[in-house]
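Below are the chains, spelled out letter by letter.
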Amino acid sequence: MYKPVPRGEIADALIHLRELFRQRNPSNEREHLTHERREIVTKNLLSNLFRTKEHPTLHAVLELADIFSLTVDGAHRLFGYDLEEIREYDFRLNGGRTHIVESYPFGRDLLIDLPVRLGGREVFGWNAMLHDLVQEWQTDIPIRALEEEGWDRPGAFYVHVGTEDSLGSSLPPGAVALVESISEEEQQRPNPRAIYLLQYGNGYRCSRCVVTRGKLLLLVSARSYTGPQEFSYPGQVRIAGRIRVFALSLPLPEYPLLRSLPLSSQGAPLVLPWEHSSLDRLFAAKHLRFQRSRQDDPLVRKILEDVFHTTFSRRTERRYRSPTLSQPHVDTLIQLTVMNVARYTDSLRAKRSLTSDLGRFSLEALLNARHLADMPNRSPRAQFPTPGDIWEDRRKEFVEWPTLLSSKFPQLRSWSGKVIRLAQGNAIRGIEPSLSPGSLMVLDELSGIPDLEKEAKKTGWSRSLYALRRGADFLCGHLDKDGNQFALLSNPPSGGPPVLFGAEEFIQLSRVAGVAVPV
């Protein structure tokens, strides 16, 4: 998240940026005032740079973003902050709790692959490889193009299912899910077959539910779940949105400490992060909702102190949970964000500091430029895939093109031979939710025969899934032995024979390393 940048290097970058923008002659009063402000701010910063603290204030960073047309990420990178890495630290330090996660691509120039020509409707009617589904890709598209209408879904956001607090959840722990906002009518009458993100004063959970007579009732299938299943509605719980897709790495690790939401003597208000009117209200609510244990709190603080080389005191934390005129330094704000299980975009939004990156440049692009006229197009467009009706069908399945997918796997074209789509879905015993039609599976080659006795002792998503290619089709399920043959247990709970195959077909078998499932 942070690597110190020598002051001389920062000074050289500021001088380069100033000289670059001096090439632009002001053509009106507004541009003339902007030019004067740029000169004054740069001069003051250069004069004080070697006398100031290691970490700048958020105000100083965003002022530079404004005067030099830098993205939020670019202005932070000038001082050594990598905002993309906040997401990784969030998963590492907060992964035990179910919470809303950052999906904004701070690295706006990341080049990604996107589909441009899809296969015909018939190819989507059977289990098929990605290279059959996407016949042509558009490459080297900056990820910021995904914000164009038609690629994203306004109001959609992402949630991580906790690996400690999700006992009884309708989604497996460790999954990342896309949440879609719903109408007031659906909030009053949720669909019992749908999975919703529920907000409580002491956390979140993903669950099926019904509402009746002022009560929200959880529909829980896990036999081990013994927590409360009835809540006053809307007083004790809020339906934050509907789960539409979830993704999961496989096989799922076993989480022996899985439990329900922790008890809390004082719950947070039922307000979503982006609805808070101030930073102190955001952090105060987050603190109440995600109170850390005595064992966890010092460990997280130590990790953050090692990253930023500064001591983060509880007094500082309390200060920003109450109204204050104090302006946080960037290191403090990032630490508060991670400690309070928040998103950095929500912290900036609550500070009224979340500026638009539209039409702005990355730091790298500006530092590599010798003339402003040489700067690349800041508003690239990505072609929508054709045929259009098939693309719309895919959007109905997955709601939007997931930014998190492109952030993690920017060169998706190289995965064309490792991903299959299940046209009809697959109901496998113990897998909840089931692999629905449209589910995607990532395949890994096998280096040898797996330990099937060991795997048979595991259940659900923790037991490895396999995919067998047979002709033009793919079959999937758990793997077992049947005499001298292998057995693919793809039968649903209602029954059905296993798929048997011999050693000669074993080369056509792959392990499923991950899934993306519409729900």
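Refer to the structure presented above.
Residues numbered from 1 in each chain as written. Predicted model: local features only at pLDDT ≥ 70, side-chain atom pairs only at ≥ 80, totals over all residues. Heavy atoms only, no water.

So, the overall build of the protein
Then comes step 1: The number of helices and strands found in the protein is 16 helices and 18 strands.
Then comes step 2: Against the 2.2 N^0.38 benchmark of 24 Å for 519 residues, the protein shows a C-alpha radius of gyration of 25 Å, consistent with a compact globule.
Then comes step 3: Dimensions of the protein along its principal axes, counting C-alpha atoms only, are 80 × 55 × 45 Å.
Then comes step 4: Classification of the 519 residues of the protein by burial places 53% in the buried group.
Then comes step 5: Taking all contacts inside the protein whose residues are at least 6 apart in sequence as the whole, residues at least 24 apart take part in 70%.
Then comes step 6: Averaged over its 67 positive side-chain charges, the protein has a centre that lies 6 Å from the centre of its 63 negative ones. (Helix = DSSP H or I, 4+ residues; strand = E, 2+ residues; numbered from the N terminus. Rg over C-alpha atoms; globule rule 2.2 N^0.38 Å. Buried < 20%, exposed > 50% of the residue type's maximum accessible area, 1.4 Å probe, protein only. Contact = heavy atoms within 4.5 Å. Lys, Arg positive; Asp, Glu negative; His and termini not counted. Charge placed at Lys NZ, Arg CZ, Asp CG, Glu CD.)

Some details on helix α9 (residues 296-308)
Then comes step 1: Taking 1.5 Å per residue as the helical rise, α9 with its 13 residues ought to reach 18 Å, and the 19 Å between its terminal C-alpha atoms agrees with that figure.
Then comes step 2: Check the buried side of α9 and you find it contacts α5 (84-94), α10 (314-319) and α11 (330-339). (Expected span 1.5 Å × (residues − 1).)

Looking at the state of the cysteines
Then comes step 1: A full pass over the atoms with the stated rule returns zero disulfides.
Then comes step 2: The closest cysteine sulfur to the non-disulfide-bonded C209 is located on C206, 11 Å from its own sulfur. (Disulfide = S-S within 2.5 Å.)

So, the packing of aromatic side chains
Then comes step 1: With the rule as written, the count across this model stands at 14 aromatic pairs.
Then comes step 2: Ring geometry for F486 versus F506: centroids 5.1 Å apart, planes at 40°, classification tilted. Remark: F506 occurs in the loop between β17 (499-501) and β18 (509-518) and F486 occurs in strand β16 (residues 485-489); sequence separation between them is 20 residues. You'll find F486 and F506 in the same group, each marked buried. (Phe/Tyr/Trp six-rings, centres within 6.5 Å; stacked < 30°, edge-to-face > 60°.)

What to know about the pattern of salt bridges
Then comes step 1: Inspection of the entire model under this criterion finds 34 salt bridges.
Then comes step 2: Its salt-bridge partner being E19, residue R18 comes within 3.7 Å of it at the nearest N-O pair.
Then comes step 3: Accessibility expressed as a relative area gives 16% for R18, which makes it buried.
Then comes step 4: Among the salt bridges present, the one from R349 reaches D346, with a minimum N-O distance of 2.5 Å. Here R349 and its partner D346 are both found in helix α12 (residues 344-350), three residues apart, which amounts to about one turn of the helix.
Then comes step 5: Given a relative accessible area of 33%, R349 falls into the partly exposed group. (Salt bridge = Lys/Arg side-chain N within 4 Å of Asp/Glu carboxyl O.)

Some points on the nonpolar core
Then comes step 1: The biggest cluster of nonpolar side chains holds 58 residues, and the ones touching the most others in it are L64, I334 and Y344.
Then comes step 2: With seven residues, the single largest contributor to this core is helix α1 (residues 7-21).
Then comes step 3: Once residues within four sequence positions are removed from consideration, I334 is found in contact with M1, Y81, L83, I86, F308 and Y344.
Then comes step 4: Listed in part, the 37 residues of the second largest apolar core include V161, Y204, L272 and W461. (Core = buried A, V, L, I, M, F, W, Y, C linked by side-chain atoms within 4.5 Å.)

Comments concerning the environment of H276
Then comes step 1: Of note, H276 is situated in the loop between β11 (237-249) and α8 (279-289).
Then comes step 2: Overall, the relative accessible area of 11% leaves H276 in the buried class.
Then comes step 3: With 70 residues separating them along the chain, H276 and D346 place their C-alpha atoms 8.8 Å apart.
Then comes step 4: Look past the residues within four positions of H276 in its chain and what remains in contact with it is V271, R281, L282, A285 and R352.

A look at the packing of α5 against α9
Then comes step 1: Between α5 and α9, the least distance of the axes is 11 Å, while the angle of their chain directions is 155°. Judged by the inter-axis angle, α5 sits roughly antiparallel to α9. Judged by the twist between their axes, the crossing of α5 over α9 is right-handed. Mapping the contact onto sequence places Y89, R92 and L93 in α5 and V300, I303, L304 and V307 in α9.
Then comes step 2: Taken together, the residues of the contact of α5 with α9 sort by class into six nonpolar, no polar and one charged. (Axes fitted to C-alpha atoms, helices over the stretch in contact; angles between N-to-C directions. Parallel < 35°, antiparallel > 145°, perpendicular 65-115°, else oblique. Left-handed = near helix turned anticlockwise from the far one by under 90°. Nonpolar A, V, L, I, M, F, W, Y, C, P; charged D, E, K, R; others polar.)

Regarding helix α2 (residues 29-48)
Then comes step 1: The end-to-end C-alpha distance of α2 is 29 Å, a good match for the 28 Å that 20 residues give at a rise of 1.5 Å each.
Then comes step 2: Listing the buried residues of α2 in full gives R38, V41, T42 and L45. Down the axis of α2, the smallest arc covering the buried residues is 100°, so these residues share one side. Every exposed residue of α2 that faces more than 90 degrees away from the buried side is listed here: E29, I40 and K43.
Then comes step 3: Lining the buried residues of α2 we find α1 and α3 (58-67). (Arc of directions from axis to C-beta.)

A few points about the environment of R87
Then comes step 1: Along the polypeptide, R87 turns up in helix α5.
Then comes step 2: Apart from residues no more than four positions distant in its own chain, R87 is found in contact with E102, S103, Y104 and L404.
Then comes step 3: A distance of 3.0 Å separates a polar atom in the side chain of R87 from the backbone oxygen of E102.
Then comes step 4: For R87, the side chain forms a polar contact with the main-chain oxygen of Y104, separated by 3.1 Å. (Polar contact = N/O pair within 3.5 Å; in protein donor to acceptor, adjacent residues only side chain to side chain.)

Focus: the side chain of R108
Then comes step 1: Position of R108 among the secondary structure elements: in the loop between β1 (99-101) and β2 (111-118).
Then comes step 2: By relative accessible area, R108 is classed as buried at 5%.

A look at the pairing of strand β15 (residues 473-482)
Then comes step 1: Pairing analysis gives five bridges linking strand β14 (residues 466-470) to β15, with the strands arranged antiparallel. Paired with L468 across the strands is L475, a residue of β15.
Then comes step 2: Hairpin connection of β14 to β15: two residues between the antiparallel strands, including G471 at a positive phi of 65°.
Then comes step 3: Counted along the chain from β15 to the antiparallel partner β16, the turn is two residues long, and its residue G483 has a positive phi close to 65°. (Pairing = 2+ DSSP bridges.)

Some details on the pairing of β16
Then comes step 1: As paired strands, β15 and β16 are joined by five bridges and run antiparallel to one another. Among the inter-strand pairings, H478 is bridged to a residue of β16, identified as L489.

What about unusual backbone geometry?
Then comes step 1: Residue P234 is bonded to the preceding Y233 through a cis peptide linkage, with omega at 15°.
Then comes step 2: In this structure, P234 sits in the loop between β10 (230-232) and β11.
Then comes step 3: For the bond from T386 to P387, the omega torsion is -5°, close enough to zero to count as cis.
Then comes step 4: Take P387: it is sitting in the loop between α13 (363-368) and α14 (388-398).

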